[in-house]
Amino acid sequence: MIEDEKIKKKYYDALVNKDANYDGIFFAAIKTTGVFCHATCPAKKPKYENCLFFQDAQSALLAGFRPCKRCNPLSYPHELSPLVKEIVSMVEQNPEKRWKDEDFKVLGAHPATARRQFKQAYGMTFVQYARARRMGLALQSIRLGEKVIDAQLNAGYDSASGFNDAFSKIMGNPPIKKGEINVLYAKWINTKLGPMLSISDEEFLYLLEFVDRRGLEREIERLRNRRKATILPGETKISRQIEEELNLYFENKLIHFQTPVFFLGSDFQKKVWNALLKIPAGEVSTYKKIASEIGTPDGVRAVGNANGANQLAIIIPCHRVIQTSGEIGGYGGGRERKQWLLDHEQNFHKEDL
Ligand SMILES: [Zn+2]
């Protein structure tokens, strides 16, 4: 999401003036209607304070917005093929669904053709699109709070679009009776590196991830199953603490997180995570080194997997583990973020905090 006021004002002007030069440069999301548009959208233009601006469509989807039917913001610069249009409307009818090859066959399309056309039109795969839309819907109520969602429903949001289903499929159904099931609270946290999701109760932090992280949906499912919990939007003492600490971390004022965390994993995973916690900021380790340190020198791959299964981004510094060759290696939140975090922590080291 674009935060710079100057840029936002410039984009807003472009939106009001339907400036075609900006089609594909930014996507304007409209809080009151829940859609995102191109600059040239023919629809009535919203007030400035109701607009959010995104650089890419996936971020707009993850923030819970759906593509506007009037301007088809995702089709730029191509026209959408009828097949792709139909696939998008299928997702809108059932945003909570996980799509399989058979579903394309209903359209009389070969799955490979459908996938190729989709990727061409949208610059992302169909699976990425459907996931971003599904997660976005679930994350939206966390980000905006329930009131805004009611307003969107009243403003003609198609309630048959499975809006509530999308949330409860991922986050679980709200408990019918108090005390029937554990409740965890999800809170949206904006950071310099993009939005993060925290999931906590009044005692522990269970999950902290970038909202666009690969596999976040599965992580949330695992957490729910293991804790026998349902997740509701909301704040806890713990979510407030981690938000404060993250702010300090990004301002170079904190490196040791004090928020109580809960390690949800196997004994082996916990061993690896504890080893990760010992890598000082400003330094890096390798999967191989960690494997020897925990007494399983042959378990390099297992260490890599445990590293990837970390659900407490930044706090458990899995970003400080690189490949033996010196290459940066993968990161659930993306390699650019990994590099950014490593560079950022170099500064900590110099200041010897
Ligand atoms: Zn539009």
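For clarity, every value in this text was computed on a predicted model and none was experimentally measured.

Reading guide: rules and limits
Residues numbered from 1 in each chain as written. Predicted model: local features only at pLDDT ≥ 70, side-chain atom pairs only at ≥ 80, totals over all residues. Heavy atoms only, no water. Helix = DSSP H or I, 4+ residues; strand = E, 2+ residues; numbered from the N terminus. Buried < 20%, exposed > 50% of the residue type's maximum accessible area, 1.4 Å probe, protein only. Contact = heavy atoms within 4.5 Å. Areas by Shrake-Rupley, 256 points an atom, 1.4 Å probe, with all protein chains shown as cover. Donors = N, O, S within 2.8 Å, 3.2 Å for Na, K, Ca; no water. Tetrahedral: all angles 85-135°; square planar, octahedral: opposite > 155°, others 65-115°. Core = buried A, V, L, I, M, F, W, Y, C linked by side-chain atoms within 4.5 Å. Domains from an automatic or database assignment. Axes fitted to C-alpha atoms, helices over the stretch in contact; angles between N-to-C directions. Parallel < 35°, antiparallel > 145°, perpendicular 65-115°, else oblique. Pairing = 2+ DSSP bridges. Salt bridge = Lys/Arg side-chain N within 4 Å of Asp/Glu carboxyl O. Phe/Tyr/Trp six-rings, centres within 6.5 Å; stacked < 30°, edge-to-face > 60°. Expected span 1.5 Å × (residues − 1). Arc of directions from axis to C-beta.

1. Looking at the overall build of the chain
So, point 1. The helix and strand tally for the chain stands at 14 helices and 10 strands.
So, point 2. Looking at the 353 residues of the chain, the share that counts as buried comes to 51%.
So, point 3. Sequence-distant contacts in the chain: of pairs separated by 6 or more residues, those separated by 24 or more amount to 65%.
So, point 4. Summed over its atoms, the accessible surface of the chain is roughly 17500 Å², and 49% of this surface lies on carbon and sulfur atoms.

2. Notes on the coordination of the zinc ion
So, point 1. The protein atoms donating to the zinc ion are Cys37 (SG), Cys41 (SG), Cys68 (SG) and Cys71 (SG), with metal-donor distances spanning 2.2 to 2.4 Å.
So, point 2. Every donor counted, the 4 donor atoms about the zinc ion form angles of 105 to 121° at the centre, which fits tetrahedral coordination.
So, point 3. In terms of primary sequence, the donors binding the zinc ion are separated according to C-x3-C-x26-C-x2-C.
So, point 4. With relative accessibility at 6%, the residue Cys68 sits in the buried group.

3. Examining the nonpolar core
So, point 1. Counting 53 residues, the largest nonpolar core has Phe36, Tyr122, Tyr129, Met171, Leu197, Ile199 and Ile220 as the members making the most contacts within it.
So, point 2. It is helix H6 (residues 126-144) that contributes the most residues to this core, 8 residues altogether.
So, point 3. Both domains that furnish three or more residues to this core are identified here as domain 1 (5-139) and domain 2 (170-250).
So, point 4. Apart from the residues lying within four places of it in its own chain, the contact partners of Met171 are Ala138, Leu139, Ile142, Ile220, Arg224, Thr230 and Ile231.
So, point 5. If you look at the next biggest cluster of nonpolar residues, it comprises 38 residues, including Ile242, Ala291, Ile314 and Val321.

4. So, the packing of helix H11 (residues 267-277) against helix H13 (residues 300-308)
So, point 1. Contact geometry for H11 and H13: axes closest at 9 Å, N-to-C directions at 80°. Judged by the inter-axis angle, H11 sits roughly perpendicular to H13. Of H13, the residues touching H11 (which contributes Phe268, Gln269, Val272, Trp273 and Leu276) are Ala302, Val303, Ala306 and Asn307.

5. What about the pairing of strand S3 (residues 51-54)?
A regular strand places its side chains so that they alternate between the two faces of the sheet.
So, point 1. Of the two faces of S3, the one carrying Cys51 and Phe53 and the one carrying Leu52 and Phe54 are both buried.
So, point 2. With 4 bridges joining them, strand S1 (residues 27-30) and S3 adopt antiparallel strand pairing. Note that in S3 the partner of Ile30 across the bridge is Cys51.

6. A look at the pattern of salt bridges
So, point 1. What the rule picks out here adds up to 12 salt bridges.
So, point 2. For Glu217, the salt bridge identified is with Arg134, shortest N-O distance 2.9 Å. Of this pair, Glu217 sits in helix H9 (residues 216-227) while Arg134 sits in helix H6, and the two are 83 residues apart along the sequence. There is no split in this pair, since Glu217 and Arg134 are both buried.
So, point 3. Between Asp212 and Arg337 there is a salt bridge whose closest N-O contact spans 3.0 Å.

7. Focus on the packing of aromatic side chains
So, point 1. Counting across every chain of the model gives 17 aromatic pairs.
So, point 2. Measuring from centroid to centroid gives 5.5 Å for Phe26 and Phe53, while their planes differ by 80°, and the two rings are edge-to-face. Of this pair, Phe26 sits in the loop between helix H1 (5-16) and S1 while Phe53 sits in strand S3, and the two are 27 residues apart along the sequence.
So, point 3. Judged by its relative accessible area of 0%, Phe26 is buried.
So, point 4. Ring centres of Phe204 and Phe262 lie 5.4 Å apart, and the angle between their planes is 65°; this geometry places the pair in the edge-to-face category. Of this pair, Phe204 sits in the loop between strand S6 (196-200) and strand S7 (205-210) while Phe262 is found in the loop between helix H10 (237-250) and H11, placing the two residues 58 residues apart along the sequence.
So, point 5. We classify Phe204 as partly exposed; its relative accessible area is 25%.
So, point 6. Here Phe262 falls in the partly exposed class, since its relative accessible area comes to 25%.
So, point 7. Among the aromatic residues, ring-to-ring pairing joins Tyr11, Tyr22, Phe26 and Phe53 into one connected group.

8. Observations regarding H9
So, point 1. Between its terminal C-alpha atoms H9 stretches 16 Å, which fits the 16 Å expected from 12 residues at 1.5 Å a residue.
So, point 2. Residues of H9 that are buried include every one of Leu216, Glu217, Glu219, Ile220, Leu223 and Arg224, and no others. With its buried residues spanning 160° around the axis, H9 presents them on a single face.
So, point 3. Directly after H9, the chain includes Lys228, whose backbone phi takes a positive value near 45°.

9. Looking at the environment of Ala186
So, point 1. Structurally, the position occupied by Ala186 is in strand S5 (residues 182-189).
So, point 2. For Ala186, a relative accessible area of 1% puts it in the buried group.
So, point 3. C-alpha of Ala186 to C-alpha of Leu208: the two residues are 22 residues apart in sequence and 9.7 Å apart in space.
So, point 4. In this view, Ala186 contacts Ile142, Leu197, Ser198, Ile199, Ile231, Leu232, Pro233 and Gly234; residues no more than four positions away in its chain are not counted.

10. Here we look at the sheet that holds S1
So, point 1. The strand order S3-S1-S2-S4 describes an open sheet built from 4 strands, whose pairing is mixed. In the strand order of this sheet, the two ends are held by S3 and strand S4 (66-67), each with one partner.
So, point 2. Each of S1 and S3 touches H1; the most contacted strand, S3, lies at about 105° to it.

11. Here's the deal with the sheet that holds S7
Backbone hydrogen bonds hold the strands of a sheet together, and the pairing may be parallel or antiparallel.
So, point 1. Taken together, 4 strands build an open sheet; the order of strands is S7-S6-S5-S8 and the sheet is mixed. In this open sheet, the two strands that pair with only one neighbour each are S7 and strand S8 (229-233). Direction aside, neighbouring strands of the sheet carry axes that sit 25° apart on average.
So, point 2. Its contacts with the sheet put H9 on S5, S6, S7 and S8, and the angle it makes with S7 is roughly 175°.

These values are about where atoms sit, not about what they do.
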